[in-house]
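# Overview (structure and organization)
Next come the chains, spelled out residue by residue.
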Amino acid sequence: MFEDLRSFLDDLEERKLLRRVRAEVDWDLEVGAIQRRVFDGEGPALLFERVRGYEWPLVSGVLGTPERYALAIGCQPHLRAIIARVRDAAEHPIEPVLVGDGVCQENVDRGTAIDVRKFPTPKWHRLDGGRYIGTLGLVVTKDPETGHRNVGIYREQILGPDRLGLNATQQVGTLWQKWRRLGKPMPVATVIGLDPCTLAASCVQARLGEDEFGIAASPARCGARPCRWCAA
Ligand SMILES: Cc1cc2nc3c(=O)[nH]c(=O)nc-3n(C[C@H](O)[C@H](O)[C@H](O)COP(=O)(O)O)c2cc1C
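Just so you know, the residues in each chain are numbered from 1, in the order the chain's sequence is written. Local features in this predicted model are restricted to residues of pLDDT 70 or higher, and side-chain atom pairs are both shown and tallied only at a pLDDT of 80 or more, whereas totals for entire chains, interfaces and linings draw on every residue.

### A word on the overall build of the protein
Spelled out, the test is: A run of H or I in DSSP becomes a helix once it reaches four residues, and a run of E becomes a strand once it reaches two; helices and strands are each numbered from the N terminus. Taken over C-alpha atoms, the radius of gyration is set against a globule rule of 2.2 Å times the number of residues to the power 0.38. Burial is judged by counting other C-beta atoms within 10 Å of a residue's own C-beta: 20 or more means buried, 12 or fewer means exposed, and anything between counts as partly exposed, with every C-beta placed from the backbone. Note on contacts: residues are paired as contacts if their backbone-placed C-beta atoms lie within 7 Å.
A tally of helices and strands in the protein yields eight helices and nine strands. What you see for the protein is a C-alpha radius of gyration of 18 Å, in line with the 17 Å of a compact globule of 232 residues. Counting only C-alpha atoms and orienting by the principal axes, one finds that the protein spans roughly 50 × 45 × 35 Å. Across the 232 residues that make up the protein, the buried fraction comes to 28%. Put simply, 64% of the contacts in the protein that link residues at least 6 apart link residues at least 24 apart.

Right under this line is the structure:
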């Protein structure tokens, strides 16, 4: 399976499921409009190489079709196979292993060096209140009573160099209310551009207290226990 987003993008490109856009594009509505059209035609993921004013590329639509979604979680590209695989992983989570460090800590900005605006973040839609990052990323929070982790995709609006706003609904909302009652700030980590299987697992409607990282890591993802749809 794919250890990280980069290897997944390489694989998509090899299969012609990812296309590079070499022309310069504007983060302000143009990227969103192009992606919308491509979505409507069930087209490839897009790697925008030149976003106006930025040195880094931007990828979008990564999990935008059943075919790409199935590749990400390691099953056949049929909706029934995807559902079966996700359900199987949700029913057989494993205990995640905590490690002391990771590649995400290779580049660290602190204090006044922090500026999330350095990333090429689109204003996707005309009526959006601003620029939203974290549409291919996770929000990781913790239950103050049990210590259990929660993971979900919550798009985050850039409010300043070191400020992101998110709509604290669903389980993040429940946890935030708990932290509020305790009068303590809620610790939050946001993880942008990670491996596609963990992204997919983070959207499983797991019960509060069930760790989506454990679902992502379920061996079902790699075909160790092929379901009847995938075995066909
Ligand atoms: C691209 C994307 C963006 C999402 N943004 C939000 C969001 O802003 N708010 C929200 O409540 N759910 C959002 N979701 C759905 C949640 O990630 C999903 O329902 C998840 O299961 C919630 O997890 P939790 O209830 O364990 O926190 C988004 C999903 C995707 C794929």
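### Some remarks on unusual backbone geometry
The backbone of leucine 29 shows a phi angle near 80°, a positive value even though the residue is not glycine. With respect to the element layout, leucine 29 can be found in the loop between β1 (18-21) and α2 (30-40). Of note, glutamine 170 is a non-glycine position whose phi angle comes to about 45°, a positive value. Relative to the elements of secondary structure, glutamine 170 occurs in helix α5 (residues 170-182). C-beta crowding within 10 Å serves as the criterion here: with 13 such atoms nearby, glutamine 170 is assigned to the partly exposed category.

### Quick word on the sheet that holds strand β9 (residues 189-192)
We apply this condition: Any two strands between which DSSP finds at least two bridges are classified as paired. Only C-alpha atoms enter the line fits that serve as axes; for helices the fit covers just the stretch in contact. Angles between N-to-C directions range over 0 to 180 degrees.
Spatially, β6-β5-β9 is the arrangement adopted by the three strands of the open sheet, whose pairing is antiparallel. Bordering the open sheet on either side are β6 (149-152) and β9, each of which pairs with just one other strand. The average undirected angle you get between the axes of adjacent strands in this sheet is 20°. The pairing of strand β5 (residues 137-142) with β6 spans four bridges and is classified as antiparallel. Pairing of valine 139 across the sheet is with glycine 152, part of β6. Packed onto the sheet, α5 meets β5 and β6 and runs at close to 145° relative to β6.

### Side note on the confidence of the model for the protein
Going by this rule: Every residue gets a pLDDT, meaning the predictor's confidence in that residue, from 0 to 100.
Considering every residue of the protein, the mean pLDDT works out to 92; 94% of them sit at 70 or more. Low confidence marks residues 221-232, where pLDDT is under 50. Its contacts with residues over four positions away, or in another chain, come to 26 contacts.

### Observations regarding the nonpolar core
Here is the rule: Residues enter a nonpolar core if they are buried, belong to Ala, Val, Leu, Ile, Met, Phe, Trp, Tyr or Cys, and are joined to the set through C-beta atoms within 7 Å.
Grouped together as the largest cluster of nonpolar side chains are 33 residues, with contacts concentrated most on Ala70, Ala72, Ile73, Ile82, Cys197 and Ala200. Listed by contribution, the elements that provide at least two residues to this core are α1 (5-14), α2, β2 (45-48), α3 (66-73), α4 (79-91), α6 (196-202) and α7 (212-216). Top element by residues in this core is α3. It accounts for five residues. Residues within four places of alanine 200 in sequence aside, it is in contact with Leu63, Tyr69, Ala72 and Ile73. The next biggest cluster of nonpolar side chains, apart from the first, holds six residues, and it includes Leu138, Val139, Val151 and Tyr154.

### Some words on the site of the ligand
Quick reminder of the rule: In this text, near has one meaning. A residue is near a molecule or strand if its C-beta atom, placed using the backbone, is within 6 Å of it. Residue type decides the class: Asp, Glu, Lys and Arg count as charged, Ala, Val, Leu, Ile, Met, Phe, Trp, Tyr, Cys and Pro as nonpolar, and the leftover types, Gly among them, as polar.
Taken together, 14 residues form the shell around the ligand, and within it Gly152, Ile153, Thr169, Gln170 and Gln171 come nearest. Counting only elements with at least two residues in the shell around the ligand, the list comes to β6 and α5. Sorting elements by how many residues they give to the shell around the ligand places α5 first, with three residues. Of the residues in the shell around the ligand, the class split is five nonpolar, eight polar and one charged.

### Details of α3
Among the eight residues that make up α3, six are buried, leaving the element largely enclosed by the rest of the structure. Burial in α3 covers these residues: Arg68, Tyr69, Ala70, Leu71, Ala72 and Ile73.

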